[in-house]
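Here are the chains, one letter per residue:
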Amino acid sequence: MSRNPGEAARLQLKLTRAVCYIVLVLISLMCLFSFYVLIINSTRSHPDIQKGFSFFPGKSFWYNLNNLLNNQNLPVVKAIFNSLFISSGVAVVTTYFSALTAYAIHAYDFRFRKAAFAFIMMIMMVPSQVTALGFVRLMGTFNLIDTFIPLIIPSAASPIVFFFMKQYMEAVLPLEIVEAARIDGSNEFMTFNFIVLPIMKPAIAVQAIFSFVSSWNNYFIPSLILKSTENKTVPLLIAQLRNADFLKFDMGQVYMLITIAIVPVIIVYLLLSRYIIRGITLGSIKG
Amino acid sequence: MDTVHNQTAAARKKSGSVKYSKWGYIFLIPFFLVYFIFSLIPLVSVFYNSFFENYMSGLTQIGPNFVGFDNYRKIFEADLGKYFYNTMLIWIVGFIPQILISLLLASWFTNLRLRLRATGVFKTIIYLPNLIMASAFALLFYVLFSDAGPINDILLHLGILDEPYRFQSEVAGTRGLIIAMNFLLWFGNTTILLMAGIMGIDTSLIEAAEIDGAKPAQLFWLITMPLLKPIFIYVLITSMIGGLQLFDVPQILTNGTGSPDRTSTTLVMLLNNHLYSKNYGLGGALSVILLLISAALSLLVYDTLTREQRLLRKEQKLMRRDQKLRKEKQKLKRGGAVQ
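Thresholds applied
- Residues numbered from 1 in each chain as written.
- Chains lettered and ligands numbered in written order.
- Predicted model: local features only at pLDDT ≥ 70, side-chain atom pairs only at ≥ 80, totals over all residues.
- Heavy atoms only, no water.
- Contact = heavy atoms within 4.5 Å.
- Buried area = accessible area lost by both parts, 1.4 Å probe.
- Salt bridge = Lys/Arg side-chain N within 4 Å of Asp/Glu carboxyl O.
- Polar contact = N/O pair within 3.5 Å; in protein donor to acceptor, adjacent residues only side chain to side chain.
- Helix = DSSP H or I, 4+ residues; strand = E, 2+ residues; numbered from the N terminus.
- Nonpolar A, V, L, I, M, F, W, Y, C, P; charged D, E, K, R; others polar.
- Phe/Tyr/Trp six-rings, centres within 6.5 Å; stacked < 30°, edge-to-face > 60°.
- Buried < 20%, exposed > 50% of the residue type's maximum accessible area, 1.4 Å probe, protein only.
- Arc of directions from axis to C-beta.
- Axes fitted to C-alpha atoms, helices over the stretch in contact; angles between N-to-C directions.
- Parallel < 35°, antiparallel > 145°, perpendicular 65-115°, else oblique.
- Left-handed = near helix turned anticlockwise from the far one by under 90°.
- Core = buried A, V, L, I, M, F, W, Y, C linked by side-chain atoms within 4.5 Å.

Caption draft 1: The interface of chain B and chain A, seen in detail. Chain B puts 91 residues into the contact, and the matching count from chain A is 95 residues. Taking both sides of the interface into account, the surface hidden between chain B and chain A amounts to around 8500 Å²; carbon and sulfur atoms contribute 80%. Between chain B and chain A we count 0 salt bridges in total. At the junction of chain B with chain A, the criterion picks out 13 residue pairs in polar contact (both at pLDDT 80 or more). Broken down by element, the residue count for the side of chain B that touches chain A peaks at 22 residues, all from helix H1 (residues 2-49) of chain B. Here the side of chain B that touches chain A is composed, by residue class, of 64 nonpolar, 21 polar and 6 charged.

See the structure below:
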């Protein structure tokens, strides 16, 4: 007979907790396993990889990296710079203009305010693939194919980032501050740039990370816009590599390219994960 | 004194809102201008293109000739059904385990009695794949699960397999890989959304039920789940729209072929093929179909999310009318009594 019911309950709780931890560890391993194999294989040379899998890293990390960076068919360094340029551009443009749009709707009272808000919410769900055909043809008539402009400028109109900014403004931006700035003689545009934006910093940081990452990972639209080799971004090189004859390829370089595409994002994420995880739910919906 | 002050403040506010309202319009210009040029014009042109025959046959350009709804007919007669089936099958088989595991994890992370430690670390790990470049992830799975790749190597060494399983030559293997990748990419995101939903629930409801002697399972199914419905539906529909757009993973994994025998070709892969071969008529028709499906799904989510509010408003309206009627009745009665 058990000594008392409290102890039995405690024992049961301990057991449940143990089961939870085991499941959580298994799921985490499942998430991390492929990345582990990736990093191990990026440190091994092609003949080593062909021999079979090993759980221990090899010594060819720098050798693979060097080979990849000097590969004439894959302009990796150029692609990284292109990707960095486009993604940074998107991060700046999308956060600045989304905040500006949110500010217009949050701080001013004008006749079409509600209509403008309803319109932006309505277009939120239109997938970008749906307009891709018209978009690519229009960029053709503008002579913007194979330039970065069609990949950066359109991000000024991103309804989801706008919605996030608006939610955040409602929480942290009292209109008294704006009034005070007006009394001090600040011009409206200056008020936005020097008073509102600094208050919005946390929201801007979170959204800048998200838009940077999604632009860095974007494949569909860039593959339709960027044509020449020197303008390719990292995902396009991944596609090119997949298209190439794999049997002739140095697997060490393949793993190294995937590492270059994935690992920088992982490192930044691990450094900022606390803010990112908080940011995911902030802008979604109020349950 | 006080009222005078308030009046001037009100007057200032009023004149202020008139004076400043133009800035509202000015600050909206960039968004609407960019949207108009880069999204709205393309959208209209997609509709326009869908009614024209316009493609390259070898080196000769056919069209553009107006053909009415012929492109739609052609696209339905071609393999649209098959690709729709592929897309939805891949989505649904991935979504069911995803939502179950996400619910389980979310309920563990928010369970006050369990008080799990290091949940931050676990949350960080399960969300990690969501930020990974889907195309790079697909290439990674392509090499890991190739016939002589590490996974087959490990399975052979462990004695689970006698000969390599050719993942990417089997229908189930290829679809399974796409489903597994989608699951890994998205279940962390779903978990965190559901967690936010659970944490938004008023804890006093749960405490009250506990005092009434509800068991944990009852608490979950009878209190948490019904209150979680709005966010649950949001997750469901956004995931479905995302599933409809599935492209990067199967495109890179199968190099655009949808092998074996186009059993892993999705709707957007088909669209991509039409865009590459510059068949603007069929591409346009397919885009319009995709738009209509997404719009229908969005309306559905909007409808379910606002249903409760609408019901509440209706109820209030009815109640008010009821009260009015009662008052009038009383008036009539009183009038009658006086007479």
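Still more to cover.
Caption draft 2: Inspection of the packing of aromatic side chains at higher detail. Here the structure, examined in full by the defined rule, presents 38 aromatic pairs over all chains. Centre to centre, the rings of A:Phe117 and A:Phe162 are 6.1 Å apart; their planes meet at 55 degrees, and the pair counts as tilted. Of this pair, A:Phe117 sits in helix H5 (residues 113-123) while A:Phe162 sits in helix H8 (residues 159-172); the two residues are 45 residues apart in sequence, bridging distant segments of the chain. On the accessibility criterion, A:Phe117 (24% relative accessible area) is partly exposed. In textbook terms, an aromatic cluster arises when at least three aromatic residues are bridged by ring pairs, as seen for A:Tyr96, A:Phe97, A:Tyr103, A:Tyr108, A:Phe189, A:Phe192, B:Trp23 and B:Phe27.

Caption draft 3: Quick peek at helix H3 (residues 61-69) of chain A. Residues and elements named next belong to chain A. The complete set of buried residues in H3 reads Asn64, Leu65 and Leu68. Viewed along the axis of H3, the buried residues span an arc of 100 degrees, placing them on a single side of the element. Residues of H3 that are exposed and point more than 90 degrees away from the buried face comprise Trp62 and Tyr63.

Caption draft 4: Up close: the packing of helix H13 (residues 234-243) of chain A against helix H5 (residues 134-144) of chain B. For the pair H13(A) and H5(B), the least separation of the axes is 9 Å and the interaxial angle reads 25 degrees. When the axis of H13(A) is compared with that of H5(B), the two are roughly parallel. Of the two possible hands of crossing, H13(A) and H5(B) adopt the one that is left-handed. Here A:Pro235, A:Ile238, A:Leu241 and A:Arg242 of H13(A) lie close against H5(B), whose contacting residues are B:Ser135, B:Ala136, B:Leu139 and B:Tyr142. The class makeup of the residues in the contact of H13(A) with H5(B) is 6 nonpolar, 1 polar and 1 charged.

Caption draft 5: Quick peek at the nonpolar core. Counting residues in each nonpolar core, the largest one holds 185 residues, and the members touching the most others are A:Tyr103, A:Phe220, A:Ile258, B:Tyr127 and B:Phe137. Top element by residues in this core is helix H14 (residues 251-282) of chain A. It accounts for 15 residues. Those residues in contact with A:Phe220 that lie beyond four places of it in its chain are A:Gln129, A:Ala132, B:Phe247, B:Asp248, B:Val268, B:Leu271, B:Asn272 and B:Leu275.

Everything listed here is a matter of geometry and, on its own, says nothing about what the molecule does.
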